[in-house]
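As a plain string of letters, each chain reads:
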Amino acid sequence: MASVTPQVIHTVAEWRAFRAAHRAAGRTVGFVPTMGALHEGHASLFRAARRENDVVFATVFVNPTQFDEQQDFDKYPRTLDADVALMAGAGVDVVLAPSVAEMYPNGTDYTVQEATFSRELCGAHRPGHFTGMLTVVMKLLQIADADRAYFGEKDYQQLQLIRGMVQAFFLPTQIVPCPIVREADGLAMSSRNARLSPAERSLAPLFNQVLRNARTPEVARAELEAAGFAVDYVEDRGDRRFGAVRLGATRLIDNVAR
Ligand code: PAF
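Colleague: Teacher, can you tell me more about the site of the ligand here?
Modeller: For the ligand, the full set of nearby residues is Pro33, Thr34, Met35, Gln66, Met133, Val136, Val137 and Gln158. Starting from 290 Å² of accessible surface for the ligand in isolation, the protein chains cover 88%. Judged by the fraction of its atoms near the pocket grid, the ligand is located in the largest cavity. The set of elements that each furnish at least two residues to the shell around the ligand consists of strand S2 (29-34) and helix H7 (129-144). Of the residues belonging to the shell around the ligand, the class tally is five nonpolar, three polar and no charged.

This is the structure in structure tokens:
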């Protein structure tokens with residue numbers, strides 16, 4: 001794929017002008033929302049969007065309302081130049097990197113809340129996280145006005161909640177799930193992996209191995225704790241096993257088919 005640097009814009013109005021021109025020309029739009037600090041997992045979403053649409057639109061916005069810990073928000077890597085370089089190689093045409101004021105013109109007066117599943121699994125450990133996430137994704141889907149939007153299965157609960165929101169509010173964008181991209185040793189790719197110390201990084205792949213191999217969630221928890229992980233939860237739901245652990249200050253999530 002030829003590498004073309006995407007156009008970087010900062011306002012919703014600029015994207016709306018592009019979007020109107022694409023609609024008039026009958027071009028389809030694929031949308032990939034991100035918080036930046038991009039890696040191969042994001043690149044796989046861009047490539048999927050590139051294959052299935054005429055235009056690929058992405059956003060880079062570190063959404064303050066989905067961080068339950070201020071310190072986590074402050075420490076979240078902001079790497080726009082490197083992100084744009086990765087997008088160039090993965091076929092993104094336009095990237096919107098808006099300010100907080102641009103995205104939250106009414107502050108947090110208007111939010112999207114889900115009442116049940118958002119309180120389970122990660123939601124039980126990160127109060128307010130999914131309300132912040134759903135609120136910003138609702139805004140981003142409205143802004144993008146895309147034919148398709150791409151989300152990774154690593155954040156499986158997020159994906160399910162977004163699908164539910166799209167159904168509940170009759171949003172016209174098709175939600176496209178994309179498989180988890182893993183390091184060679186099985187660790188699910190995440191922007192947070194860069195924060196692991198060398199010792200934590202060498203322990204981290206055990207998380208996925210235990211999720212896959214332990215007979216029950218209780219056994220998985222015991223094995224992970226014995227190895228030095230702090231376990232938020234391991235739970236089996238339907239045909240998947242979900243887990244969240246902490247290594248030092250870094251929180252990792254993963255899920256596997258059972
Ligand atoms: O998965 C993420 O990176 C974020 O939760 C998202 C969907 C971009 C919303 O901020």
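That covers the picture; the talk isn't over yet.
Colleague: Just to check I follow, could you spell out unusual backbone geometry for this structure?
Modeller: As a rule of thumb, non-glycine residues mostly have phi less than zero, and peptide bonds are mostly trans rather than cis. For alanine 37, which is not a glycine, the phi torsion comes out positive at approximately 50 degrees. Relative to the assigned elements, alanine 37 resides in the loop between S2 and helix H2 (40-52). The backbone of aspartate 145 sits at a positive phi, close to 50 degrees, despite the residue not being glycine. Note that aspartate 145 resides in the loop between H7 and strand S5 (148-152). A relative accessible area of 30% means that aspartate 145 is categorised as partly exposed.

Colleague: What is the right way to look at empty space enclosed by the protein in this model?
Modeller: Gaps between atoms show up when a probe of the same size as a water molecule is rolled over them. Across all of its chains, the model carries two cavities of 30 Å³ or more by this definition. Looking at the largest cavity, its volume works out to about 890 Å³. Forming the walls of the largest cavity are 48 residues, and the residues nearest its centre are Met35, His42, Lys154, Asp155 and Gln158. Every element with two or more residues in the lining of the largest cavity is listed here: S2, H2, H7, S5, helix H8 (156-168), strand S8 (240-247) and strand S9 (250-257). If one sorts the elements of the lining of the largest cavity by residue count, H7 sits on top with six residues.

Colleague: Is there a simple way to think about the packing of aromatic side chains in this case?
Modeller: Summed over all chains, the structure comprises eight aromatic pairs. Relative to phenylalanine 73, the ring of phenylalanine 67 lies with its centre 5.3 Å away and its plane at 65 degrees, an arrangement referred to as edge-to-face. Directly above the aromatic system of phenylalanine 73 lies the positively charged group of arginine 78, at a separation of 4.6 Å from the ring centroid. Cation over ring: lysine 139 sits above tyrosine 104, and NZ or CZ is 4.5 Å from the ring centre.

Colleague: When you look at the pattern of salt bridges in this model, what are you seeing that I'm missing?
Modeller: Close approach of charged atoms lets side chains of opposite charge pair. This structure, assessed with the given rule, holds 18 salt bridges. Across the salt bridge formed by aspartate 232 and arginine 251, the nearest N and O atoms sit 2.8 Å from each other. Within this pair, whereas aspartate 232 is found in strand S7 (residues 230-237), its partner arginine 251 is found in strand S9, the two being separated by 19 residues in sequence. Given the relative accessible area of 13%, aspartate 232 is considered buried. Glutamate 235 is paired through a salt bridge with arginine 237; the nearest N and O atoms lie 2.8 Å apart.

Calculation criteria
Residues numbered from 1 in each chain as written. Predicted model: local features only at pLDDT ≥ 70, side-chain atom pairs only at ≥ 80, totals over all residues. Heavy atoms only, no water. Near = heavy atom within 4 Å. Areas by Shrake-Rupley, 256 points an atom, 1.4 Å probe, with all protein chains shown as cover. 1 Å grid on protein atoms, 1.4 Å probe; cavity = no way out; pocket = protein on both sides within 12 Å on 5 of 7 lines; lining within 4 Å. Sits in = over half its atoms within 2 Å of the grid points. Helix = DSSP H or I, 4+ residues; strand = E, 2+ residues; numbered from the N terminus. Nonpolar A, V, L, I, M, F, W, Y, C, P; charged D, E, K, R; others polar. Buried < 20%, exposed > 50% of the residue type's maximum accessible area, 1.4 Å probe, protein only. Points joined across faces, edges and corners; volume = space filled by probe spheres on them. Phe/Tyr/Trp six-rings, centres within 6.5 Å; stacked < 30°, edge-to-face > 60°. Lys NZ or Arg CZ within 6 Å of the ring centre and 35° of its normal. Salt bridge = Lys/Arg side-chain N within 4 Å of Asp/Glu carboxyl O.

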